[in-house]
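Commentary on secondary and tertiary structure
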Amino acid sequence: MERKEPWLTTDAIIHLKRVMEESKNLKILEFGSGSSTVWFANNYECELVSIEHDANWHKMVCENIRDNKNITLILKPSGVIGRSDLLEHSYAPTCETFEDNYFDIVLIDGRSRVDCFKYSERVLKEGGLMILDNSERIEYSYIMEIYKDKTQYNYPQIGADKYNFNYPGWATTIWVK
């Protein structure tokens, strides 16, 4: 993988780095494996559960992670092609295997994001961080409405990131539960 950091907006990455450096042994749930999975696994002492729907992408992520017994990569084919928030195709129910208030951070950057939010809200600790990439998209307005009264950090990308990536309106939002 060429990208060495999470595929989030620049200021959201800065926020997340600060949290990771100030805290130890965080428990992280991630929907949508990728550069963030590799970044967490190879740079921080944490327990990471990462759920991915695409078998080829899952394999590539696995190949980029050093041996780490605290990392669990779960492949759950969703049957979804493209973006979708259809519950019947969601991999979000994977959360049902975890206790309430188990995770310190939930990062949603995969398929069925509204479903992932609905299922993962229960497993996120009070004071934990809920992170949604592409939060500017209208299909995620449900999440924005539910968390409107939470402490919120909205990080729009201004110009291209250091990997020369950008698209108009791209934002990552971090809430404190």
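Quick note: structure is the one above.
Below is a short write-up of the structure. (Residues numbered from 1 in each chain as written. Predicted model: local features only at pLDDT ≥ 70, side-chain atom pairs only at ≥ 80, totals over all residues. Heavy atoms only, no water.)

As a further point, take the overall build of the protein chain. Scanning the protein chain from terminus to terminus reveals five helices and seven strands. In the protein chain, the succession of helices and strands from N to C terminus is α-β-α-β-α-β-β-α-β-α-β-β. By the compact-globule yardstick of 16 Å for 177 residues, the protein chain fits well, its C-alpha radius of gyration being 15 Å. Counting only C-alpha atoms, the protein chain reaches 40 × 35 × 35 Å along its principal axes. The 177 residues of the protein chain split such that 50% are buried. Contacts in the protein chain between residues at least 24 apart in sequence constitute 62% of all its contacts with a sequence separation of at least 6. A total of about 8,900 Å² of accessible surface is found on the protein chain, and carbon and sulfur atoms cover 49% of it. Of the charged side chains in the protein chain, 21 are positive and 28 negative; the average position of the first set lies 2 Å away from that of the second. (Helix = DSSP H or I, 4+ residues; strand = E, 2+ residues; numbered from the N terminus. Rg over C-alpha atoms; globule rule 2.2 N^0.38 Å. Buried < 20%, exposed > 50% of the residue type's maximum accessible area, 1.4 Å probe, protein only. Contact = heavy atoms within 4.5 Å. Areas by Shrake-Rupley, 256 points an atom, 1.4 Å probe, with all protein chains shown as cover. Lys, Arg positive; Asp, Glu negative; His and termini not counted. Charge placed at Lys NZ, Arg CZ, Asp CG, Glu CD.)

Turning our attention to the packing of aromatic side chains. Following the criterion strictly, the structure yields 14 aromatic pairs and no others. Between F165 and W170, the ring centres sit 5.2 Å apart and the planes meet at 80 degrees, which makes this aromatic pair edge-to-face. Among the aromatic residues, those joined into a cluster by ring pairs are W7, F165, Y167 and W170. Its guanidinium or amino end placed over the ring of Y102, K27 lies 4.1 Å from that ring's centre, counting from NZ or CZ. If you follow K118 out to its NZ or CZ, it ends over the ring of Y142, 5.0 Å from the centre. (Phe/Tyr/Trp six-rings, centres within 6.5 Å; stacked < 30°, edge-to-face > 60°. Lys NZ or Arg CZ within 6 Å of the ring centre and 35° of its normal.)

Counting buried positions along strand β4 (residues 103-108) yields six of six residues, so the element is predominantly enclosed. By the bridge criterion, four bridges tie strand β1 (residues 26-31) to β4 in an arrangement that is parallel. Pairing of I28 across the sheet is with I105, part of β4. Taken together, the five bridges between β4 and strand β5 (residues 124-133) define a ladder with parallel strand orientation. By the bridge assignment, F103 is partnered in β5 with L124. A crossover connection joins β4 to the parallel β5 through helix α4 (residues 113-120); in handedness this β-α-β unit is right-handed. (Pairing = 2+ DSSP bridges. Right-handed = clockwise from strand over helix to strand, strands pointing away.)

As for its placement among the helices and strands, S120 is situated in helix α4. On the accessibility criterion, S120 (0% relative accessible area) is buried. At a separation of 2.6 Å, a polar atom in the side chain of S120 contacts the main-chain carbonyl oxygen of C116. Leaving out residues up to four positions away in the same chain, S120 has contacts with L29, F31, C95, V106, I108 and M130. (Polar contact = N/O pair within 3.5 Å; in protein donor to acceptor, adjacent residues only side chain to side chain.)

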